[in-house]
Amino acid sequence: MNDYQRIEKAIQYLNTHFQQQPSLDAVAEHVHLSPYHFQRLFKDWAGVSPKKFLQYISLEHAKSLLAQGHSLADTSFETGLSSTSRLHDLFITIEGMTPGEYKNGGQYLQIQYSFGSTPFGPICMASTEKGVCHVAFITSEDEGRTTLQLRFPYAQLELLPTEFHRAVLLRFENSPADLPQLKLHLMGTDFQLKVWQALLQIPPGRLSTYAHLSQVIGKPSACRAVGTAIGQNPIAYLIPCHRVIRSTGVIGDYHWGASRKAALIGWESAHMLGEPENVC
């Protein structure tokens, strides 16, 4: 197992046994590491101890985030930005593909793709000349190519890293002040694009619900359709569908795995909130 696979297995164990409040020794044994090495690995990855991380993916923490309801001005203040317009500069922008660009399975598209490593496992990235069109967590490069080919069956695919791909990888490095603008070039209906744009407004370390997203896009009775559009999001992590949970506080399913969704939520909370140095 690589480091993330061990972390993912530990998160699965914590989620399954949280009522028993498993000890560090028990979790370390489950991932076949000594308690010392597991604690160090987890702290290096998450920035917090396993015990603190468990709090960040708990039902109580999720409910507290949903109850806070931060405004855009609050978010600007908390991220250290001088104004809401400066906050907007950090946003990823979306451009919808024209019907001609994705007609017949992307027949007229030239797409460059490459692979990269993230704290949550390997990813496949793809882009057109206009922007990033695909980001997915993968288990192998063969799987990544197959998934991309299924999405754009008649596009011209070329294995070639681009500046767009390097900008994607920067998004995993937690230095928002240094991030470049990033454009996404997406194939979707007007409704899907509107939902995906609304997802970009959820700040890191915060959570929203399907019902709230429905209100944001002006379709309060369309929760089911919003959920479907979220599930069809083609850009893992950058369009943060992992930040949308059920109104009850339950984290719920995720296209790239429920444990990875919990990992993303906990990792972002840990980097936003951290823990005191004396917490073990």
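Our structure's up above, just so we're on the same page.
Residues numbered from 1 in each chain as written. Predicted model: local features only at pLDDT ≥ 70, side-chain atom pairs only at ≥ 80, totals over all residues. Heavy atoms only, no water.

Engineer: Tell me about the environment of Thr147, and please be specific about residues and values.
Structural biologist: Position of Thr147 among the secondary structure elements: in helix H9 (residues 141-151). Note on Thr147: relative accessible area 33%, which makes it partly exposed. Sequence spacing of Thr147 and Cys124 is 23 residues, and the spatial spacing of their C-alpha atoms is 9.2 Å. (Helix = DSSP H or I, 4+ residues; strand = E, 2+ residues; numbered from the N terminus. Buried < 20%, exposed > 50% of the residue type's maximum accessible area, 1.4 Å probe, protein only.)

Engineer: Describe the pattern of salt bridges, with residues and values.
Structural biologist: Here the structure, examined in full by the defined rule, presents 6 salt bridges. Here Arg145 and Asp142 are joined by a salt bridge, their closest N and O atoms 2.6 Å apart. Pair noted here: Arg145 and Asp142 are both in helix H9, with a separation of 3 residues, about one helical turn. Note on Arg145: relative accessible area 29%, which makes it partly exposed. The residue Arg166 makes a salt bridge to Glu163 at a minimum N-O spacing of 2.9 Å. With a gap of 3 residues between them, Arg166 and Glu163 both fall in helix H10 (residues 163-170), about one helical turn apart. Look at Arg166 and you get partly exposed, because its relative accessible area is 42%. (Salt bridge = Lys/Arg side-chain N within 4 Å of Asp/Glu carboxyl O.)

Engineer: Provide a residue-level description of the packing of aromatic side chains, including the pertinent values.
Structural biologist: Scanning the model with the defined rule gives 15 aromatic pairs in all. With a centroid separation of 4.9 Å and an interplanar angle of 85°, the aromatic rings of Phe120 and Trp267 are classed as edge-to-face. Taken as a pair, Phe120 in the loop between strand S2 (110-118) and strand S3 (121-127) and Trp267 in helix H14 (residues 258-273) lie far apart in primary sequence, 147 residues in all. By the burial criterion, Phe120 is buried, and Trp267 matches it. Each ring, one from Tyr254 and one from Trp256, has its centre 5.4 Å from the other, and the planes form 65°; the classification is edge-to-face. Judged by its relative accessible area of 10%, Tyr254 is buried. By way of ring pairs, the aromatic residues Tyr4, Phe38, Phe42, Trp45, Phe53, Phe120, Phe137, Phe172, Tyr237, Tyr254, Trp256 and Trp267 are connected into one cluster. (Phe/Tyr/Trp six-rings, centres within 6.5 Å; stacked < 30°, edge-to-face > 60°.)

Engineer: Give a description of empty space enclosed by the protein that names residues and reports values.
Structural biologist: Left-over empty space is what a probe sized like a water molecule reveals as it rolls over the atoms. Per the counting criterion, the structure on display carries 1 cavity of 30 Å³ or more. Taken as a whole, the largest cavity encloses approximately 30 Å³ of empty space. Residue lining of the largest cavity: Leu65, Gly205, Arg206, Leu207, Arg243, Ile265, Glu268 and Ser269, and that is the complete set. (1 Å grid on protein atoms, 1.4 Å probe; cavity = no way out; pocket = protein on both sides within 12 Å on 5 of 7 lines; lining within 4 Å. Points joined across faces, edges and corners; volume = space filled by probe spheres on them.)

Engineer: How would you sum up the environment of Cys133? Please name residues and give values.
Structural biologist: Structurally, Cys133 can be placed in strand S4 (residues 132-137). On the basis of relative accessibility, which here comes to 2%, the residue Cys133 falls in the buried class. Once the C-alpha coordinates of Cys133 and Ile94 are considered, the two residues, 39 residues apart in sequence, prove to be 9.8 Å apart.

Function cannot be read off these values alone, since they describe shape.
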